[in-house]
Structures are given as structure tokens and as C-alpha cells.
Amino acid sequence: GYERTHVAWPGWEAMIYQDLLRLIEQEQKAAARVSCLLLDFYPAQRACVAATTPFIGLLGCNQGGKTITALSRVRYDTTGEYPAWWDGNRTIRGIDCWVCGDTYDTLRDGIQKKLFGSNLDEPGVMQPGDPWPPMIPADMIVGKPTKVQNSGGCRESVKIRHVSGGVSTITFKSYAQGMTGLASATLDLVAIDEEPKWEILHELVARVMVRNGTILL
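Computed from a predicted structure; not experimentally measured. (Residues numbered from 1 in each chain as written. Predicted model: local features only at pLDDT ≥ 70, side-chain atom pairs only at ≥ 80, totals over all residues. Heavy atoms only, no water.)

## Structural notes on the overall build of the protein chain
The condition is simple: Elements are defined by DSSP. Helices are runs of H or I of four residues or more, strands are runs of E of two residues or more, and each kind is numbered from the N terminus. Whether a residue is buried, partly exposed or exposed follows from its accessible area with a 1.4 Å probe, protein chains only, as a fraction of its type maximum: under 20%, in between, or over 50%, in that order. Here, residues are in contact when the closest pair of their heavy atoms is within 4.5 Å.
Along the backbone of the protein chain there are six helices and seven strands. Secondary structure of the protein chain in N-to-C order comes out as α-α-β-α-β-α-β-β-β-α-β-α-β. The burial tally for the protein chain puts 41% of its 217 residues in the buried class. Sequence separation of 24 or more characterises 58% of the internal contacts of the protein chain that already satisfy a separation of 6 or more.

Printed below as a string of C-alpha cells:
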């Protein structure tokens, strides 16, 4: 008869382990890519985020989802990727967008960590313990984001890959910069996280007038 033997393949365990890690990484990237497109909004949220009016106002209670709703519009318009239910306008090129808040601390902790994940040194990468994937995954971020000096790590500007092949720019602005810091730009979209003073709002409205852009408040 024949004697059955087992021939070990040197390093096969390590190769299988690496393949598993690679598959897990691919699954995480796929989940991050579509997570924002699968958000289950209430009808009122959908109506707001997909509105075609030049001025969109979100009114709601604390922790009611206003920030996520507004940032979803930022994500959709800067990437050109939209959910299946979308019935609003669509961007056909890379756009220029500002996201504004009262301080750099709130921009960093309340806005940027939702868009790019908890570790801003690895933007777009989901970290262990994160409750949800970043709204904008790493493979849609072009180059290295710039930082605001002396801001505790707040990012100043992030380039986003648009499906058209172009590139969008998200710039983060604090009201503390004053009128001078909010002047001169020509924009497509301004998302405002906290209601500013009237003179600041007036300046932000002026930023989108040339391109018939949108103010999201």
C-alpha cells in the first residue's frame, strides 16, 4: 500500500494570514466607501440635504443629527457620489467648499473627526474603537491635508477626489478669523455648523453669489 504523507509548505501560515489581513482591509475600505451613501435619513432630513434652493436651513434639537445631515451634503457634492434616493442637483466637477464653525477646536472635534475619522494624522482611515467609518475614506483624499498653525491639529484644507476626475477642496474656517479671513473667495458650497453673527453670515453669502452656490446652515 501507499503511506500517506504531509508535506509542509514553508511559510504557508504567514501567507494565509497576510491574505486574510488584505481581505479585511478591502472590506473595511468598501464599507467606508458606501457607509455615507447608506445613511437612513428621515424624510425631513432627505428634503433638506437634497434641497435645490440657494439657502438651506436645518432646525433641530441638540444631538438631533443636524451636523451629520449637513456633512452628508458636503460629502456628496465634493465627491460627486450620491445615494440611490437622491433627487437633488448633482455636481459634475470638483467644487470649492468651506465648512465654518465658531472655533478651531469645534471644527477639529465636531466636524473633521466625523468627516475623516478620529485620527486626523491618518485621514479617512477607520481606527479601532471608532463608532462609524469616516464619511470620506482615505482613497478619496488627494495628497496630505494642510494644518492650521497653533490650532491643536485642526486641518485647514483637504483635497477630495471627484468622480469626474477633478478635485474638490474643503477648507475649514473659524469665525475667530474675523471678516478679513472670510473675504475674497469664490465658492460653490458653504456649510455652517454654528449660527454666526449677521455680518459674518452676510460675508459668507457673498462667497457663493458668483457661482450661484449654496449656503447650508
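## Some details on the packing of helix H3 (residues 66–79) against helix H4 (residues 104–116)
Applied cut-off: Every angle, taken between N-to-C directions, lies between 0 and 180 degrees, and every axis is a line fitted to C-alpha atoms, over only the stretch in contact when it is a helix. An angle below 35 degrees is treated as roughly parallel, one above 145 as roughly antiparallel, one from 65 to 115 as roughly perpendicular, and anything else as oblique. For any helix crossing, the convention is left-handed if the near helix is rotated counterclockwise from the far helix by under a right angle, and right-handed if that rotation is clockwise.
Two elements in contact, H3 and H4, have axes separated by 11 Å at closest approach and are oriented at 55 degrees. Relative to H4, the element H3 is oriented oblique. Regarding H3 and H4, the two cross each other, and that crossing is right-handed. On H4, the residues that touch Thr-67, Ile-68 and Leu-71 of H3 are Gly-110, Ile-111, Lys-114 and Leu-115.

## As for the side chain of Arg-155
Stated formally: Contacts described as polar in this section are N or O atom pairs within 3.5 Å, which, within protein, must combine one atom able to donate a hydrogen with one able to accept it, while residues neighboring in sequence count only if both atoms come from side chains.
The residue Arg-155 is located in strand S4 (residues 155–161) in this model. With relative accessibility at 7%, the residue Arg-155 sits in the buried group. Side-chain polar atoms of Arg-155 contact the backbone oxygen of Leu-120, separated by 2.9 Å. Contact partners of Arg-155, with chain neighbours within four places excluded, come to Gln-112, Leu-120, Asp-121, Pro-145, Thr-146, Lys-147, Val-148 and Phe-172.

## Section: the nonpolar core
Let me state the cut-off plainly: Grouping buried Ala, Val, Leu, Ile, Met, Phe, Trp, Tyr and Cys residues that are joined through side-chain atoms within 4.5 Å yields what is termed a nonpolar core.
Of all hydrophobic cores here, the largest spans 26 residues; its most connected members are Val-99, Leu-115, Phe-116, Ile-136 and Phe-172. At the level of secondary structure, the elements contributing two or more residues to this core comprise H3, strand S2 (96–101), H4, S4, strand S5 (167–174) and strand S6 (189–192). Per element, the largest residue contribution to this core is four residues, and it comes from H4. Here Ile-136 is in contact with Arg-75, Thr-78, Leu-115, Phe-116, Gly-124, Ile-141, Ile-160 and Ile-170, once residues within four sequence places are set aside. Among the nonpolar cores identified, the runner-up in size contains 12 residues, and Cys-100, Tyr-175, Leu-187 and Ile-215 belong to it.

## Describing the pattern of salt bridges
Filter applied, for reference: What counts as a salt bridge is simple: a side-chain nitrogen of Lys or Arg found within 4 Å of a carboxyl oxygen of Asp or Glu.
Following the criterion strictly, the structure yields 11 salt bridges and no others. A salt bridge links Arg-108 to Asp-105, with the shortest nitrogen-to-oxygen separation between them at 3.2 Å. Taken together, the residues span about one helical turn, with Arg-108 and Asp-105 both in helix H4 at a distance of three residues. Where Asp-188 meets Arg-211, a salt bridge forms, and the shortest distance between an N and an O atom there is 2.9 Å. Of this pair, Asp-188 sits in the loop between helix H5 (178–181) and S6 while Arg-211 sits in the loop between helix H6 (198–207) and strand S7 (214–216); the two residues are 23 residues apart in sequence, bridging distant segments of the chain. Residue classification places Asp-188 among the buried positions, given a relative accessible area of 12%. Bridged by salt links that share partners, the residues Arg-93, Asp-96, Asp-188 and Arg-211 form one connected network.

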